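Commentary on secondary and tertiary structure
Chain by chain, the residues run as shown.
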Amino acid sequence: MTGVPLSAYLVLALVLFCIGLYGALTKRNAVIVLISIELMLNAANINLVAFSKFGVTPSITGQVFSLFTITIAAAEAAVGLAILMSLYRNRKTVNVDEMEMMKN
Amino acid sequence: MSLSGELIAFIGLALVAIVGGVLLITLTKVVHMVIALVFTFLGIAGIYMLLSAEFVAIVQILIYSGAITIVMLFGIMLTKHQENDAPAKGGWGSFSLLAAIAGFAVAVYLGIYNLDIPVQPTALHEENTKQIGIELFSKYVIPFEVMSVLLLVALVGAIVLAKKDDEEGDRS
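So, how was this worked out
Residues numbered from 1 in each chain as written. Chains lettered and ligands numbered in written order. Predicted model: local features only at pLDDT ≥ 70, side-chain atom pairs only at ≥ 80, totals over all residues. UniProt positions renumbered as here; feature names shortened; annotations may be inferred. Helix = DSSP H or I, 4+ residues; strand = E, 2+ residues; numbered from the N terminus. Buried ≥ 20, exposed ≤ 12 C-beta atoms within 10 Å, placed from the backbone. Contact = placed C-beta atoms within 7 Å. Nonpolar A, V, L, I, M, F, W, Y, C, P; charged D, E, K, R; others polar. Axes fitted to C-alpha atoms, helices over the stretch in contact; angles between N-to-C directions. Parallel < 35°, antiparallel > 145°, perpendicular 65-115°, else oblique. Domains from an automatic or database assignment. Core = buried A, V, L, I, M, F, W, Y, C linked by C-beta atoms within 7 Å.

The name given to chain A in an unreviewed UniProt entry is NADH-quinone oxidoreductase subunit K, with the source organism recorded as Peribacillus frigoritolerans. UniProt, in its Sequence similarities (unreviewed entry) section for chain A, records the words "Belongs to the complex I subunit 4L family." As recorded by UniProt, the Catalytic activity (unreviewed entry) comment attached to chain A reads in full: "a quinone + NADH + 5 H(+)(in) = a quinol + NAD(+) + 4 H(+)(out)".

A few words on the overall build of chain B. When its secondary structure is counted, chain B shows six helices and zero strands. Written out in order from the N terminus, the α and β elements of chain B read α-α-α-α-α-α. For chain B, the proportion of its 172 residues judged to be buried stands at 20%. Considering only residue pairs separated by 6 or more positions, chain B has 54% of its internal contacts joining residues 24 or more positions apart.

Residues and elements named next belong to chain A. UniProt records the feature "transmembrane region" (unreviewed entry) at residues 6-25, 32-52 and 64-88, using the numbering of this structure. With 100% helix and 0% strand, the stretch residues 6-25 has end C-alpha atoms that lie 29 Å from each other. The span residues 64-88 is 100% helix and 0% strand, and its two end C-alpha atoms sit 36 Å from each other.

Interface size is commonly expressed as the accessible area that is lost once the parts come together. With 69 residues of chain B in contact, the opposing surface of chain A contributes 60 residues. Of all the secondary structure elements, the ones that give two or more residues to the side of chain B that touches chain A are helix H1 (5-26), helix H2 (30-50), helix H3 (54-78), helix H4 (92-112), helix H5 (128-138) and helix H6 (141-162) of chain B. A breakdown of the residues in the side of chain B that touches chain A according to their chemical character gives 52 nonpolar, 14 polar and three charged.

Any two packed helices are characterised by the angle at which their axes cross and by the distance between the axes. Residue and element names in this part refer to chain A. Here helix H2 (residues 30-54) crosses helix H3 (residues 61-91) at 175°, and the two axes come no closer than 9 Å. Of the possible angle classes, the one that applies to H2 and H3 is roughly antiparallel. Residues Ala30, Val31, Leu34, Glu38, Leu41, Ala44, Asn45, Leu48, Val49, Phe51 and Ser52 of H2 form the contact with H3, whose own contacting residues are Thr61, Gly62, Gln63, Phe65, Ser66, Thr69, Ile70, Ala73, Ala77, Gly80, Leu81 and Leu84. Across the contact of H2 with H3, the residue classes break down as 14 nonpolar, eight polar and one charged.

On to the domain arrangement of chain B, then. For chain B, the domain assignment lists domain 1 (1-83) and domain 2 (126-163). Between domain 1 of chain B and domain 2 of chain B, the C-alpha centre-to-centre distance is 23 Å.

It is worth spelling out the nonpolar core at this point. Counting residues in each nonpolar core, the largest one holds 63 residues, and the members touching the most others are Ala13(A), Val31(A), Ile46(A), Ile47(B) and Tyr48(B). Elements with a minimum of two residues in this core: helix H1 (6-26), H2 and H3 of chain A together with H1, H2 and H3 of chain B. By residue number, the principal contributor to this core is H2(A), which donates 13 residues. Apart from the residues lying within four places of it in its own chain, the contact partners of Ile47(B) are Leu12(A), Ile46(A), Leu13(B) and Ala17(B).

And the structure:
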């Protein structure tokens, strides 16, 4: 068995997920926060595709599911940026520290 | 483990992906972060190729490295941003966050590092796109149609949200 083992792909996905999580929680520009969320979704996609090849019952289903996830992610990015535009017009900021209208 | 070509390709692509992610965290200019992210997406597309998912890899390049990156660049250009995204304040908050993420990473790693599922031969690489099409239109027709409705809703919703509402009370 000379191929790359399943756990290597899973560890890669874990590292990317942790990078995305850290970015989403520490960055202050809302666009970068959205990008970090995309990175986390990508890490989940790697897991789906990896299990579709190396899982207990390998089948094409994992790849189909990853296509669904990519679609959802694209829709989420579009709507998220539209909300950001609307917020920017009203508040003149994209800084997540200053988005606190719903506090108090 | 012998150093096969697949392993070399995996290491290279994984390095590209992870270095892109680390640059996303460490770079200071917002536009540079997005450019670093393109490398991550391309590396992930290569990983899909290794996993014999050619169609998903092409979709990844088209949607992520193309569409989403451009949309994010638009979002950056259309909003006034500080050229340099100031890093978050250090201190206990940042440190405890880092510790929490490290703990999460270790916990998941302990679960997966020796996960050993016997590898079975697959036919995923033979006519990959045709297989996806057959599966999609035989077993997943309803989710596929729901997805199209969802994309329409997202399109209309994004237009409505981003529309300029300067004339108040004017129901246009």
